[in-house]
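# Topology and contacts: notes
Listed below, chain by chain, are the residues.
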Amino acid sequence: MLEVKNLKYSYNSEYQALKGVSLKVNKGEMIALLGKNGAGKSTLFLHLNGIYKPDEGQVFIDGEELKYDKKSLLKFRQKVGIVFQNPDDQIFAPTVEEDVAFGPLNLGLSMEEVQDRVEEALARVGMTGFEKKAPHHLSGGQKKRVAIAGILAMKPEIMVLDEPTAGLDPQGVVNLSALLDELNEEGITILISTHEVDLVPNYADRVFVLVDGKLIADGTPKDIFAQPDILEKANLKVPIVTDLFQQLEEEGFDMEGDYPLTISEAKDKFLKLLNKN
Amino acid sequence: MKFDMDYIAHHNELTETNPYLKLFLTIILLIVTLALDNLYFDVFIFVTMSIVILVIAKINIKSYLKFLTIPVAFLVITCLFLMFFFGKGNVIYETGIFGIVVRDDSLHYAVYTFMRVMGCFPCLGFLALTTPIAKILHCLANLKVPRIIIEIGLLMYNAIFIFLNEIDTMRKAQDTRLGYHSYWSSFKSLGALTSTIFLRSLDKSETLQFALDSRGYTGELPLYEPKED
C-alpha cells in the first residue's frame, strides 16, 4: 500500500540523513520503526507525505507515485497522516475544535461534513467535551489526543506517529497504545517510530530497524529481537521480560530457543517451566 | 500566583456574553474617551469600567492590577518625556539639569495624555480579560476584516504561548546554574536567552510550517464554524 524505493536525502553536502531506504507497508499492518536518536526516522517520515523531496528515490501509495505537484501532494497528505512528536508543533488553533477542523477544511469538505468529522474524531480519542478549550490549557496526554484527532478527521489510510509515547506518563502510554490498537483494528494502517522496546511486541506485526540512514532489518518482533547484532547496531535492547528469560537460561533453564517478548507470553512460558520441574 | 491572561479570559463571568457586544462597546468607549479629551470623563470611565471588570466579570483584583502594571509603566515613561522635552510655552519649572524645563503646554499635554490613556486601559482590559481571543478573531472575520490580519493574529497568538513557555524553561535552566546571580552574569544570561530564543523561533516556525503542510495547508487558514446547539 505504502511503498518507498531507494530514498536518499541530504541536509547538506557533508551529512546524508537517508542513504537509500526501501520499505513496503501493507494495508492494515501495525509497524514499529526502531532506531537510535538521529538515525533518520523523522526525516524518513517527512518524506512519506512529500514535506521533504528526496534527492533520489520515489514514494508510492496504492501504486501511485508521489509527484510533488499541488494535486498529488494534497492527495498524499490526506492519505498519509503524520502525527508530530511534539503536539505543540502541530496544534496551532486557539480552540480544540478549530484545530481538529483544520485538516478537513483544507480538503475542501462542506461545513456540515467537517462538523461531523470533528465530533467523530474527538469522540474517537475520548476528548468530547473539550471542543471549546484552549489547547495550551490541556495536559500533555490530552494534547497528544487532540493532535491524533486532527489527523483522524482527515480519514487517512495510514497514520504515521513520530514517537507518540515520548513525554507521556505510564498510564498515558497504556491508554495511547490501546487507542492505536483500536484504530488499527478499525482498518487504519499504522506506522510508529519509538524507543519503547517493551511495548513493541504487544502491538507491532512487523518491525523496521533504521541505522544511520539505512534500513538494516525488517521482520516480526520475534525475528528482530532474536538478533543481538542488529540490536547492538541500533542502540536497542531486548524487552525486559526477554532479558529475564535470557538470564534464566544462563542459570541452566532450557528455553528451546524461544524467548517470550510480552508479559502474557512470559506468563505461559513461566508456568510451563514450573510444571516441568 | 502567575498571571495568565488567557486563562482569565476563559474563566470569568462574562466569557459567554455576546462577543460582538463587548467588541463594539470597547471600540465605542475608546473612541468617545479619546475624542472627548475630558479629565472628568476619563476618571469616570476608568472607575466604571474597573467596576465592570472587578464586580460584574468577577476578575480578582490582583490579576487586574497586574494587567495594568506593564502598560502603566510605559505610560509613565512616555508622559515624563512629554512633560520635560516637549512644548514651546512658558517655563513654569526649571530642573537646573542641562537646561531641562517644564513648560505650561507640555505639562498640559502630559496630564491629558496620562488621563486619557488611563481611561482607555480598562476599556481594552474589559475586552482582553473577558473574551477569549478565538471569539474576537471570529467576530473580526465575520466583520470582513482582511483574512491576512486575522491569520497573523492567530499565528502570533499561538507563537506567544510557545515563546513564553520556552523563555520560562530556559530562564529556569539558567537560574539553576546561577545565571542571574550577579549583575554581570544577568546581562550575559539575558543576552544568551535572547539570541537562543531567536534561533529557536526559526526552528519552531519551520516545524509549524511542516505540520500545517502535512494537513494540507493551502496558504490560507480556513474558518471553522462550530455546530449550533
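Small disclaimer: the values here were computed from a predicted structure and weren't measured.

Here we take up the sheet that holds strand β5 (residues 64–65) of chain A. Residues and elements named next belong to chain A. Taken in spatial order, the 4 strands make up an open sheet running β2-β1-β4-β5, and their pairing is antiparallel. What marks the edges here is a single partner per strand, and that holds for β2 (16–25) and β5. Across 5 bridges, the pairing between strand β1 (residues 2–10) and strand β4 (residues 56–61) is antiparallel. Bridging across to β4, leucine 2 finds its partner in isoleucine 61.

A word on the domain arrangement of chain A. All names here are of chain A. Domain assignment breaks chain A into domain 1 (2–235) and domain 2 (238–277). The distance between the C-alpha centroids of domain 1 and domain 2 comes to 33 Å. Listed by partner, the interface residues are 8 residues for domain 1 and 6 residues for domain 2. Every element with two or more residues in the side of domain 1 that touches domain 2 is listed here: α8 (200–203) and α9 (221–225). A per-class count over the side of domain 1 that touches domain 2 returns 5 nonpolar, 1 polar and 2 charged.

A few words now on the pairing of strand β8 (residues 189–194) of chain A. Residues and elements named next belong to chain A. A large share of β8 lies buried, amounting to 6 of its 6 residues. Where burial is concerned, the two faces of β8 agree: the one with Thr189, Leu191 and Ser193 and the one with Ile190, Ile192 and Thr194 are both buried. Relative to β8, strand β3 (residues 30–34) runs parallel, the two being bridged by 5 bridges. Within β8, the residue paired with leucine 34 across the bridge is threonine 194. Handedness of the crossover joining strand β7 (residues 158–162) and β8 through helix α7 (residues 170–185): right-handed.

All names here are of chain A. Strand order in the open sheet made by the 6 strands is β6-β7-β8-β3-β9-β10, with mixed pairing throughout. Only two strands of the sheet have a single partner each, and these edge strands are β6 (80–83) and β10 (214–219). Averaged over all adjacent pairs, the angle separating strand axes in this sheet is 20°, with direction ignored.

Let's shift gears to the interface of chain B and chain A. Contact with chain B, which involves 27 residues of that partner, is made by 31 residues of chain A. Breaking the side of chain B that touches chain A down by element, the ones donating at least two residues are α1 (5–10), α6 (133–142), α7 (147–176) and α8 (183–214) of chain B. Looking at side-chain class alone, the side of chain B that touches chain A contains 16 nonpolar, 6 polar and 5 charged residues.

Angle between the axes and distance between the axes are the two parameters that describe a pair of packed helices. All names here are of chain A. Orientation of helix α4 (residues 96–106) relative to helix α6 (residues 140–152), taken along the N-to-C sense of each, is 35°, at an axis distance of 7 Å. Helix-helix and strand crossings are classified by hand; for α4 and α6 the assignment is right-handed. Touching Val96, Asp99, Val100, Phe102 and Gly103 of α4 are Val146, Ala149, Gly150 and Ile151, all from α6.

Among the nonpolar cores identified, the biggest contains 79 residues, and Val83(A), Val100(A), Ala149(A) and Val160(A) are the most heavily contacted of them. In terms of residue count, the dominant contributor to this core is α6(A) (6 residues). Core analysis: the second largest hydrophobic core is formed by 14 residues, Leu14(B), Met49(B), Phe67(B) and Leu129(B) among them.

Criteria and cut-off values
- Residues numbered from 1 in each chain as written.
- Chains lettered and ligands numbered in written order.
- Predicted model: local features only at pLDDT ≥ 70, side-chain atom pairs only at ≥ 80, totals over all residues.
- Pairing = 2+ DSSP bridges.
- Helix = DSSP H or I, 4+ residues; strand = E, 2+ residues; numbered from the N terminus.
- Domains from an automatic or database assignment.
- Contact = placed C-beta atoms within 7 Å.
- Nonpolar A, V, L, I, M, F, W, Y, C, P; charged D, E, K, R; others polar.
- Buried ≥ 20, exposed ≤ 12 C-beta atoms within 10 Å, placed from the backbone.
- Right-handed = clockwise from strand over helix to strand, strands pointing away.
- Axes fitted to C-alpha atoms, helices over the stretch in contact; angles between N-to-C directions.
- Left-handed = near helix turned anticlockwise from the far one by under 90°.
- Core = buried A, V, L, I, M, F, W, Y, C linked by C-beta atoms within 7 Å.

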